[in-house]
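Tertiary structure, described
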Amino acid sequence: MTGTSEGVPVWPRPHWVAGGGAANVTLFVFSQVGVDGSTLPLKTRAHGVPAGGLPEGVDVQTVARVDAPDWVNGFFSPALMALAERDLGWKGAPPVEPTAVHVVKVESDDPSDLRHIQGAWALARAFVDTGGFALLDAHAHAWLAPQQLADRPFDGPMRMQDEVSIVFETEPSHDYGHLLHTRGLLKFGRPDLIVHGIPPKHGVRIADIVNQLAERLALGARLDPGDTIDLEGLGALRADAYEPGTNAPDLQLNNRGLVLVPLGRGVPASEGGEA
C-alpha cells in the first residue's frame, strides 16, 4: 500500500472517556479483480486517508473465490440477500459473480479518536477503485454500492447514518414485543443499544432518541451496565447488560449490548401507553 502522511482531518471524539473497550471495523469488498493489499494503490487525499497515515491495527486480505468457494457463497445467503435487496436492489443474487473478496479489518484498543474508521473506509475506497462492485459493512449490517460510498463526504465530520444502523423489528417477539436496536457501535468500542416493548406508532420517535444516545457513545461517552440515564422523551432508564435469550432475543449483534429499561414512565409498554 502506498500513501503519504498528509491526509484528511482526523475525526475527533470530544466526549471520550477511557476504558470503553476495543473497537473493530470489518468491511468486505466484492470484486472481479484480485488485487491484494501489498499492491493496492492507496491515494491519501482521494481515498480519505486520515492525517498521519493509516492507523495501527490494519489487516487487509484478499480471498479468491476459487480458494474458498463456500466462504464466499456464504455472503449470498437469504438473510444477507434480503439486506442487499433493501440496500442495493439485488433480488436473490449479485448482478455479477465475484471472483475475489477483499477483507479490510482495523482494530483499535480504546481509541481516543476515529482514525481507525477513516482508515478502513480509505482502504475500501481504494479497493473499489481497483474494480470492487459492492461493499458490506459487517457490523452495521449494511451493503453499499460504489456510488453510495463515493457520495459520502469523507473530508467532513463523521456522520452516524454512515456508520451505525438503527433497526426496528417489524415482527414482534413473543416475549419482548417490538424491538429497536443499533448495529455498528462495535466500530467505536461501545455496546449496541436495545429497547423492547415499543408500539410501532412510537418507533420513529424512539429511534431518533436512541440514535442521539448512540452518537454520544460514538463520540466517546460511556454507558456501562447498571448506569442510569435520563433521555428527553423517554425518561429515566437503566442500562442492563444484554443477555441473549434472557432479557432480549438473540439478535446476533456480534458485540456487547445494553438493554435500556425504563425506571418510570418512559418507553410505552403497549399501544395506548404513555410516552
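To keep things clear, this report deals only with the structure shown in the data block. (Residues numbered from 1 in each chain as written. Predicted model: local features only at pLDDT ≥ 70, side-chain atom pairs only at ≥ 80, totals over all residues. Heavy atoms only, no water.)

Notes on the environment of Pro14
Mapped onto the fold, Pro14 is located in the segment before strand S1 (22-31). Exposure remark for Pro14: the relative accessible area of 57% places this residue in the exposed category. Sequence spacing of Pro14 and Ala120 is 106 residues, and the spatial spacing of their C-alpha atoms is 21 Å. (Helix = DSSP H or I, 4+ residues; strand = E, 2+ residues; numbered from the N terminus. Buried < 20%, exposed > 50% of the residue type's maximum accessible area, 1.4 Å probe, protein only.)

Regarding the packing of aromatic side chains
Applying the stated rule across the entire model yields eight aromatic pairs. Relative to Trp71, the ring of Phe28 has its centre 6.1 Å away and its plane inclined at 65°; by these criteria the two rings are edge-to-face. One end of the pair, Phe28, is in strand S1; the other, Trp71, is in helix H2 (residues 69-73), with 43 residues separating them in the sequence. Given a relative accessible area of 36%, Trp71 falls into the partly exposed group. Here Phe30 and Phe75 contribute two aromatic rings whose centre-to-centre distance is 5.1 Å and whose plane-to-plane angle is 80°, an arrangement assigned as edge-to-face. Of the two residues, Phe30 sits in strand S1 while Phe75 sits in the loop between H2 and helix H3 (78-88), which places them 45 residues apart along the sequence. Given the relative accessible area of 0%, Phe30 is considered buried. One aromatic cluster is present, built from ring pairs that chain together Phe28, Phe30, Trp71, Phe75, Phe76, Trp90, Phe133 and Trp143. (Phe/Tyr/Trp six-rings, centres within 6.5 Å; stacked < 30°, edge-to-face > 60°.)

Quick look at the pattern of salt bridges
Considering all chains together, one arrives at 10 salt bridges under this definition. In this structure, the salt-bridge partner of Arg86 is Asp87, at a minimum N-O distance of 2.6 Å. The class for Asp87 is partly exposed, based on a relative accessible area of 21%. Note that Asp162 and Arg152 form a salt bridge whose closest N and O atoms lie 3.4 Å from each other. Of the two residues, Asp162 sits in helix H6 (residues 160-163) while Arg152 sits in the loop between helix H5 (146-150) and H6, which places them 10 residues apart along the sequence. (Salt bridge = Lys/Arg side-chain N within 4 Å of Asp/Glu carboxyl O.)

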